[in-house]
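Summary of structural features
The lines below spell out each chain.
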Amino acid sequence: VSVSFPTNPYFGSTSMPSKFGFTPGDILGRDTRSWSLVYRWFTHAFVHSSFLHVLFNMMFLVGVGKQIERIMGTCAFLVLVATMIATCSIVLVAAEMLTWVVLSPGRLVEGNLVGFSGVLFGLFTLFALHQPREVVFNMWGLDVPAPWAPVALLLIQTVLFPSASFVGHASGMVAGAAYR
């Protein structure tokens, strides 16, 4: 289930992304109540910035998710998705920590991250890495060997949607590769 509401009357004038989105820097930051917002490590995957965001995520989930679910079974797939959500959040916090060390006091991620895309990149990476090397994905006319397909998709997505979170999607790729 995905929720996409720019504003919601039940939460006042504050938008859903600001209530349920994930900001890795806040976990490390100055606000002592940050750790009370641990639910955001999971809720960010179910809040989207627009209807098109939900639509693209769900189309991709149907395409890749049903193939993985068929192989693993429904219960194992649900556990995998929950693990991917948590792992993406952990990778984002680790990347933010690295940014603080290298660029202190810089921030890698500004604003709230929302959407299921990181999880989808994780699932796609996991799926692609389990394909034989001879398998080629045709991505908009480009033949890409399976292990490189997630990287190609990330680059294509970055060009087509420059405002999308490169770091959020890359965190999914790391999570998928780590799960392998």
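Let me sum up the structure you'll find in this document. Per chain, the residues get numbers from 1 upward, laid out in the order the sequence is written. Only residues with pLDDT of at least 70 are given local features in this predicted model, and only at 80 or more are side-chain atom pairs given and counted; all residues enter the totals for whole chains, interfaces and linings. Note that the side-chain values use all heavy atoms of the structure and ignore hydrogens as well as water.

**Considerations on the packing of helix 4 (residues 51-72) against helix 6 (residues 117-129)**
Running from N to C, helix 4 and helix 6 cross one another at 25°; their axes reach a closest spacing of 10 Å. When the interaxial angle is binned, helix 4 and helix 6 end up roughly parallel. You can see that helix 4 and helix 6 cross each other, and the crossing is left-handed. Across from His-53, Asn-57, Phe-60, Leu-61, Val-64, Gln-67 and Ile-68 in helix 4, the residues of helix 6 making contact are Ser-117, Leu-120, Leu-123, Phe-124 and Phe-127. All residues other than Ala, Val, Leu, Ile, Met, Phe, Trp, Tyr, Cys, Pro, Asp, Glu, Lys and Arg, Gly among them, are scored as polar; the first ten of these are nonpolar and the last four charged. Residues of the contact of helix 4 with helix 6, tallied by class, amount to eight nonpolar, four polar and no charged. Interaxial angle, 0 to 180 degrees, is taken between N-to-C directions of lines fitted to C-alpha atoms, where a helix line uses only the stretch in contact. A run of H or I in DSSP counts as a helix once it spans at least four residues, and a run of E counts as a strand once it spans at least two, with each numbered from the N terminus. For this classification, under 35 degrees means roughly parallel, over 145 means roughly antiparallel, 65 to 115 means roughly perpendicular, and everything else is oblique. Crossings are assigned a handedness: left-handed for a near helix turned anticlockwise from the far helix by less than a right angle, right-handed for a clockwise turn. Any pair of residues with heavy atoms lying within 4.5 Å of one another is described as a contacting pair.

**What to know about the environment of Gln-131**
Note that Gln-131 resides in the loop between helix 6 and strand 1 (136-139). Here the side chain of Gln-131 touches Phe-127 through a polar contact of 3.2 Å, landing on its backbone oxygen. Within 3.5 Å is the distance limit for a polar contact, defined as a pair of N or O atoms, with the added protein rule that one can donate a hydrogen and the other accept it, and that residues adjacent in sequence qualify only through two side-chain atoms.

**What about the packing of aromatic side chains?**
Any two rings among Phe, Tyr and Trp, with Trp reduced to its six-membered ring, count as a pair given centres within 6.5 Å; such a pair is stacked if its planes are under 30 degrees apart, edge-to-face if over 60, and tilted if neither. On inspection of all chains with the given rule, the structure shows five aromatic pairs. Where Phe-46 meets Phe-116, the ring centres are 6.1 Å apart and the plane angle is 40°; that geometry is what we call tilted. Separated by 70 residues along the polypeptide, Phe-46 in the loop between helix 3 (40-43) and helix 4 and Phe-116 in the loop between helix 5 (74-103) and helix 6 bring together distant segments of the chain. Ring geometry for Phe-60 versus Phe-124: centroids 5.6 Å apart, planes at 75°, classification edge-to-face. With Phe-60 in helix 4 and Phe-124 in helix 6, this residue pair connects regions lying 64 residues apart in the sequence. Only protein chains enter the area calculation, which uses a 1.4 Å probe; residues under 20% of their type maximum are buried, those over 50% are exposed, and those in between are partly exposed. For Phe-60, a relative accessible area of 24% translates into the label partly exposed. On the basis of relative accessibility, which here comes to 6%, the residue Phe-124 falls in the buried class.

**Here we look at helix 6**
Helical geometry: 3.6 residues make up each α-helical turn, so side chains three or four residues apart lie on a common side. Its 13 residues place the ends of helix 6 18 Å apart at the C-alpha level, agreeing with the 18 Å of an ideal helix rising 1.5 Å per residue. In terms of burial, helix 6 is largely enclosed, as twelve of its 13 residues are buried. Those residues of helix 6 not exposed but buried are Ser-117, Gly-118, Val-119, Leu-120, Phe-121, Gly-122, Leu-123, Phe-124, Thr-125, Leu-126, Phe-127 and Ala-128. What a helix is expected to span follows from its residue count: subtract one and scale by 1.5 Å.

**Focus: the pairing of strand 1**
Because side chains alternate across strand 1, one face comprises the buried residues Phe-137 and Met-139, and the other comprises Val-136 and Asn-138, none of which is buried. For two strands to be treated as a pair, DSSP must find no fewer than two bridges joining them. Looking at chain direction, strand 1 and strand 2 (residues 142-145) are connected through four bridges and run antiparallel. Residue Val-136 lies in a different strand from strand 2, and its bridge partner there is Pro-145. Hairpin connection of strand 1 to strand 2: two residues between the antiparallel strands, including Trp-140 at a positive phi of 55°.

**Thoughts on the nonpolar core**
Buried Ala, Val, Leu, Ile, Met, Phe, Trp, Tyr and Cys residues form a nonpolar core when they are joined through side-chain atoms within 4.5 Å. Residues Leu-123 and Phe-137 are the most contacted members of the largest nonpolar core, which totals 28 residues. Going through the elements one at a time, helix 4, helix 5, helix 6, strand 1, helix 7 (149-160) and helix 8 (166-179) are the ones with two or more residues in this core. Broken down by element, the residue count for this core peaks at eight residues, all from helix 6. Setting aside anything within four residues of it in sequence, one finds Phe-137 in contact with Phe-124, Phe-127, Ala-128, Gln-131, Leu-142, Asp-143, Val-144, Ala-146 and Ala-149.

**Here's the deal with the environment of Met-72**
Note that Met-72 resides in helix 4. When its relative accessible area of 32% is taken as the criterion, Met-72 is described as partly exposed. Once residues lying within four places of it in the same chain are set aside, the contact partners of Met-72 are Phe-77, Leu-80 and Tyr-179.

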